[in-house]
Every structure is written in C-alpha cells, then in structure tokens.
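If you want the building blocks of each chain, they are given just below.
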Amino acid sequence: MNKTILSTTGTPLNQQDSSSCGGYIALGMVGNKFAVFSLLNKQVQFLSPSDLKEMNLKALFGALWCELHYNEFDAKKEEVVFNHKRLATDILSACQAAGPYSETAERRVGVWKMSDGQLVVNGRQLWRADGTVLEHGIHEGRVYPVSGDVGFDLSTPMATREDVNQVLAAFNSPQWIHPMAGEIVLGFFGMSLVSTALRRRPHVLMTGPAACGKSTVLEYVRWLLGSLAYGCTGPQTMAAFYQSLAGTSKVVVNDEFEADPGKKGCKDTFEVARMSYSLQEGDEGIVRGTVTGKSKSYRFYSPFIAAGISPGKMEPADLTRWVILEAKGKPQGEKLTEAQAREFGPRLARLFISRWNVFQASEDVVRHCILSLGGDGRMADTVGTLLASYWAFVSESPATEEDAKFLVSMLGIEERIAVHQVSDELQCLEALTSRVLPFKVVDGAALVTRHLSIAQAIEMVCKDPTGQPELVMRLAQMGLRVALAKGKWSLYVVNSPMHQELRKLFAGTKWATGGWSVVLRRLPGGEESTQRIGAGLGAAKVTVVDVPEHLLLAGNEDDMLLAA
C-alpha cells in the first residue's frame, strides 16, 4: 500500500535526506524552562539552562544536524568545533519570543478530532482514516508527539460482521436484567476508542451477585482495548489517577468497585469520572500547586467501566453520567479467550474509526429521539452516545428515525428517564420532609404528642390550616412555614445556614452546613422572598417552593377558602 507521508508543513516528507533528520521547534516557556519539540525523537522536551550542554543538545537534536548547522572554525584552536553556546542562545531566544507554553496543546497517544471534523490517530504513526500518514509534529496548532502505541494502524484489517456478532454474544453472556446491556457495553468499547474526540464520555457500572459474569465481561473489555486500557481493582487514589491517566486517553477498567461516596478512594474516583465526562481540550482540569511554586494542570479524558457486587448510592450528578447494568444468575452462551479478544480488539477499533461519520450522524438522530420522548439533554448525551456507538459497529449507514426509535424502545427509555429525574433538589426536599420528630397536635378536644414526619406535619396544616396552632408554632421554630398564597400552598424555608433547628434537620446530609436554599429554589415555584415565618418572629430571607401535590387533599376547596 503506497502511503503519502506529509510533513508538518503539508509537503511530502523525504525520509532519505539524513542531513535533515534532527533539529527543533521552539514551543515557548514553562516557568524558567524552555519547551521545544525535538525533530529527532519527535517528543516535547522541557529544558532548564543547565540542560543546554554540548552532548545533551547533540543527543536531543541530532549530532549530524548540530554539526551541519552549528560547527564553526575556531581560529584560536585552529579546528572546527561545535558552538553549543550559539545553539543554546537560539533556543532561549526562540522560546522567549514564542511566549508561555501550555501542555494543553499536546495530543498524545489516542484518537483526536481535527478541524475538518475527521479523526487523526496518534500511535506509532500519525495517520488519518483516509490513508494519509502525517509526520509527528505540529499540525493546526496542536503538538502530536511520539508517546505510545494504540494497538492498531492503517494496515490492521477491519472486523467482519461475524467478528462483531461474536464479541456481542460474549458481552450478552451474563443474564442481564436490563435490555440491550451487551449492546451498551459494545457501544462503550467503541466510544472509549475516540473518547478524546467527543464532547461527552459516559461511564458504565455493571453490578450483580458473585459469579454472574460481570468481571468476565470487564476482562473482555480490557483485552479488547489492549494498551488503551488502565486496569485496576477497587477505588483508586487521586495520586494514582494523576500519575497514570492525566493527559492520556486511557480507559479505566475497574473491577471490585463498590460505590460508596463516603470513602475517599471512591469519592476521588467519582470526581475524576465526573470531570472526564465533559472535559474539553482547552480546559485546565484539576490545577494543583507544586513544591517549586508553579501550578500543574491534570486533565482527564478517560471513560470508566467498572464492576462490583454493590452499586452503592450515587449522587444525582453521578447517576446521570453512569449507565448501570444489572445481572443475575450464572452466565450463559458465548465466551472469548484472551487470544481471541486481543485479535478482535484492533480489528474492531479499525472498523469504528472508518465509520466515524456513521457514528456522528447516528448520534444526532438518537439524541433527537430521546429528547422527543421526554428525556433530558444529559440523558441524550449519556445513553445516546452509547447507542450511536453500537450502531456504528452493526451498520454501514447512519441510523434513520425508525432505527433510532427501535433502539430507544428496546432500551426501555421510560425506566432510564425515571432514573435521570432524581436530582439534588428532590433529594434535599426528601431529606427535609422525611425527618420524624415529636409534635403536639389537636386530636378532638385533647392536645396529644405524636411522632410525625415533616411531610405529615405539612399535610395536616394543609388539611386544617387553623386547627393546629401548636403544630404551626413548632414548624415556625424549625424555620418552616406552610401558607396559602396566590391560590396555591407554599412551603417557606429560612435561608440562613446559621439557623440551628434547620441544621439539625439536615444533619447527616450534604446540606448539614447550609446550601439548602439554593438547591430548593430549583423546585417548582422556587423563589427567594422576605417573610415572617411565625408570630413574634422577625422578617427573614426565605426560599418559597410549592408544596408537593401528594401532600395536598384533592378537592379541599373549603379549607383553602378558610385559610385565605
């Protein structure tokens, strides 16, 4: 196969000209170091003044190139010498003229999107799906250094339909409770290959009892990905992610992951996964200080696929970024050996790269379908990306509207929509109204003490607005008020995070130290106001929300008129 190799200037590269092999391109300054791209080893070098020594410069930029461009006749020594001081001065001057340099300009090993919307693969070679081989270097203002192997190249044969079906059958070997679970895993594999080229990178969590096959599927994914996989066991520390994943496109394949946001390792894992979901190239990511006084940026583009017996409790922000697949019983059906998986992986990757346009067009159609059925944008990003990725493996043509409707209906979109509707504001309201406390209530002619939830207390006030004065007074002491205004029942909650009674009500939740007012204002009817919470109490800043409908009695018009 004849390959056209283009240089960084877009002209054919003459590899036979040995005298041109070497040199550098000045990139800029990083603190007091000089960032240069070596045209000899095709890597970015950060040089301090002490690194600008004769033999080091020859090693980095090529001995022949240095002699060709910087050998001079020394009249005093009466011989030709390498003027490394002149080269060092040229490097210093060029880097200072280029200005500050950021590592965000580097595109290391992985698959990236160029300005024309097509993919470029940075591995042992730098190549595009149309057969063009580029020279490692600077293209469109981005630096493509030699930094590793993706495991496939232009010479890799594409997977056949039989290969795809065999892998899909192996992914479907567990007894999945959720429909199309195997297809979701296959879609994850395709999406993870091009993760750095995507706006969103959804994650997958497989859960189920011991020996149900989830770890086996996870192992298949790791074998298929080859060098692009970062295999680990259990929640990882932030330091491990910094050192192993920062700036790479590796896929986190995490077994024995028991999701518990209360543990630091798990919290760190969720934090990196949350960032990886939507981090864009120009973003700095996590910025940390160093002992030298200079900040360092850590950027993550890694999709996560994990398996564990207990899915744990995820925060709403995580629930919408992860697709949870549950299995039961013993696995059945097809199995893959490690040799088969490592053979299929590069072929599948080559097939997916060639169908990038199919994926993009299908993603738009599937997203629109999910949105039209009541799903939100986040759900369309998470589920739609995986379904479109799966479609690119099984079809040479983009999905039509009918294809998208079939995929979405097979997935069971209603259940997914219900999962994505869990939100921080609903959890905050639930945390508040589910608290059970003793209240004095009027029962006939007697005043009795009963243990009620806040929700039950609100319901009693709505049912009999004037008949429970003790209950109303106790709610006011807690920073709460229930009132009829503008023809609807509203709940007033004091904003101040210093309100001791409210802090007790939110104890043990993430709103224990405040912040409930901002979150509750996202609920229907949510707004900020200044109101008196109770008799004898001064005006205070409050958050007003509609009382949930299930706490109101249908047809209670007489009580509403009485309350008014």
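Parameters at a glance
- Residues numbered from 1 in each chain as written.
- Predicted model: local features only at pLDDT ≥ 70, side-chain atom pairs only at ≥ 80, totals over all residues.
- Heavy atoms only, no water.
- Helix = DSSP H or I, 4+ residues; strand = E, 2+ residues; numbered from the N terminus.
- Buried < 20%, exposed > 50% of the residue type's maximum accessible area, 1.4 Å probe, protein only.
- Contact = heavy atoms within 4.5 Å.
- Polar contact = N/O pair within 3.5 Å; in protein donor to acceptor, adjacent residues only side chain to side chain.
- pLDDT = per-residue confidence, 0-100.
- Pairing = 2+ DSSP bridges.
- Axes fitted to C-alpha atoms, helices over the stretch in contact; angles between N-to-C directions.
- Salt bridge = Lys/Arg side-chain N within 4 Å of Asp/Glu carboxyl O.
- Phe/Tyr/Trp six-rings, centres within 6.5 Å; stacked < 30°, edge-to-face > 60°.
- Lys NZ or Arg CZ within 6 Å of the ring centre and 35° of its normal.
- Right-handed = clockwise from strand over helix to strand, strands pointing away.

Among the secondary structure elements, Leu 126 is positioned in strand 9 (residues 126-128). When its relative accessible area of 0% is taken as the criterion, Leu 126 is described as buried. Sequence separation between Leu 126 and Gly 110 is 16 residues, and the spatial gap between their C-alpha atoms is 9.9 Å. Beyond its immediate stretch of four places on either side in the chain, Leu 126 contacts Val 120, Val 121, Thr 132, Val 133, Leu 134, Glu 135, His 136, His 139 and Tyr 144.

Inspection of the secondary structure assignment puts Thr 104 in the loop between helix 3 (84-98) and strand 7 (110-113). Exposure remark for Thr 104: the relative accessible area of 12% places this residue in the buried category. Within polar-contact distance, the side chain of Thr 104 engages the side chain of Ser 102 at 2.8 Å.

A few words on the confidence of the model for the protein. Model confidence for the protein is summarised by a mean pLDDT of 87, while 90% of its residues fall at 70 or above. Predicted confidence for residues 14-19 stays below pLDDT 50, and this span has 3 contacts to residues more than four positions away or in other chains. Confidence drops under pLDDT 50 across residues 554-564; counting only partners more than four residues distant or on other chains, this segment forms 13 contacts.

If you trace the backbone, Glu 402 turns up in helix 13 (residues 401-411). On a C-alpha basis, the gap between Glu 402 and Val 366 in space is 9.9 Å, while along the polypeptide they are 36 residues apart.

Taken together, 4 strands build an open sheet; the order of strands is 23-24-26-25 and the sheet is antiparallel. Looking at strand neighbours, the two that pair on one side only are strand 23 (480-485) and strand 25 (527-532), the edges of this open sheet. Going across the sheet, the axis of each strand differs from the next one's by a mean of 40°, ignoring polarity. Here 5 bridges tie strand 24 (residues 488-494) to strand 26 (residues 539-546), and the two strands are oriented antiparallel to one another. Bridge pairing links Tyr 492 to Val 544 in strand 26. The strands touched by helix 16 (residues 454-463) within the sheet are strand 23 and strand 24, with strand 23 carrying the most contacts at an inclination of about 35°.

On to the sheet that holds strand 2 (residues 24-30). Strand order across the open sheet formed by 3 strands is 2-3-4, with antiparallel pairing between neighbours. Looking at strand neighbours, the two that pair on one side only are strand 2 and strand 4 (44-47), the edges of this open sheet. Going across the sheet, the axis of each strand differs from the next one's by a mean of 25°, ignoring polarity. Where strand 3 (residues 33-38) lies against strand 4, 4 bridges are found, and the strand directions are antiparallel. Across the sheet, residue Val 36 finds its bridge partner in strand 4, namely Gln 45. Sheet strands in contact with helix 3 are strand 2 and strand 3, and its direction is about 60° off that of strand 2.

Our next topic: the pattern of salt bridges. As enumerated under the stated definition, the model contains 23 salt bridges in all. Across the pair Arg 128 and Asp 116 runs a salt bridge whose closest N-O atoms are separated by 2.6 Å. Of the two residues, Arg 128 is situated in strand 9 and Asp 116 in the loop between strand 7 and strand 8 (119-122); the sequence distance between them amounts to 12 residues. In this structure, the salt-bridge partner of Asp 546 is Lys 488, at a minimum N-O distance of 3.1 Å. With Asp 546 in strand 26 and Lys 488 in strand 24, this pair connects stretches of sequence that are 58 residues apart. The class of Lys 488 is partly exposed, set by a relative accessible area of 36%.

Once that is clear, we can look at the packing of aromatic side chains. With the rule as written, the count across this model stands at 18 aromatic pairs. Pairing Trp 65 with Tyr 70 gives two aromatic rings, centres 5.8 Å apart and planes at 50°, and the pair type is tilted. For the pair shown, Trp 65 and Tyr 70 are each scored as buried. Plain terms: the ring middles of Phe 189 and Phe 393 are 6.2 Å apart, the flat faces sit at 25° to each other, and that makes the pair stacked. You can see Phe 189 sitting in helix 5 (residues 181-193) and its partner Phe 393 sitting in helix 12 (residues 377-394), a full 204 residues away along the chain. Exposure remark for Phe 189: the relative accessible area of 0% places this residue in the buried category. By the ring-pair criterion, three or more aromatic residues cluster together here, those being Phe 189, Phe 352, Trp 356, Phe 359 and Phe 393. If you follow Arg 481 out to its NZ or CZ, it ends over the ring of Tyr 492, 5.0 Å from the centre.

What follows concerns the pairing of strand 15 (residues 229-233). As paired strands, strand 15 and strand 16 (residues 251-255) are joined by 5 bridges and run parallel to one another. Looking across to strand 16, one finds that Ala 229 is bridged to Val 251. For the segment spanning strand 15, helix 7 (residues 238-245) and strand 16, crossover handedness is right-handed.

Despite not being glycine, Glu 140 has its phi angle at roughly 55°, a positive value. Assessed through its relative accessible area of 48%, Glu 140 is described here as partly exposed. Notably, Ala 211 is not glycine yet its phi reads approximately 65°, a positive angle. Take Ala 211: it is sitting in the loop between strand 14 (203-207) and helix 6 (214-225).

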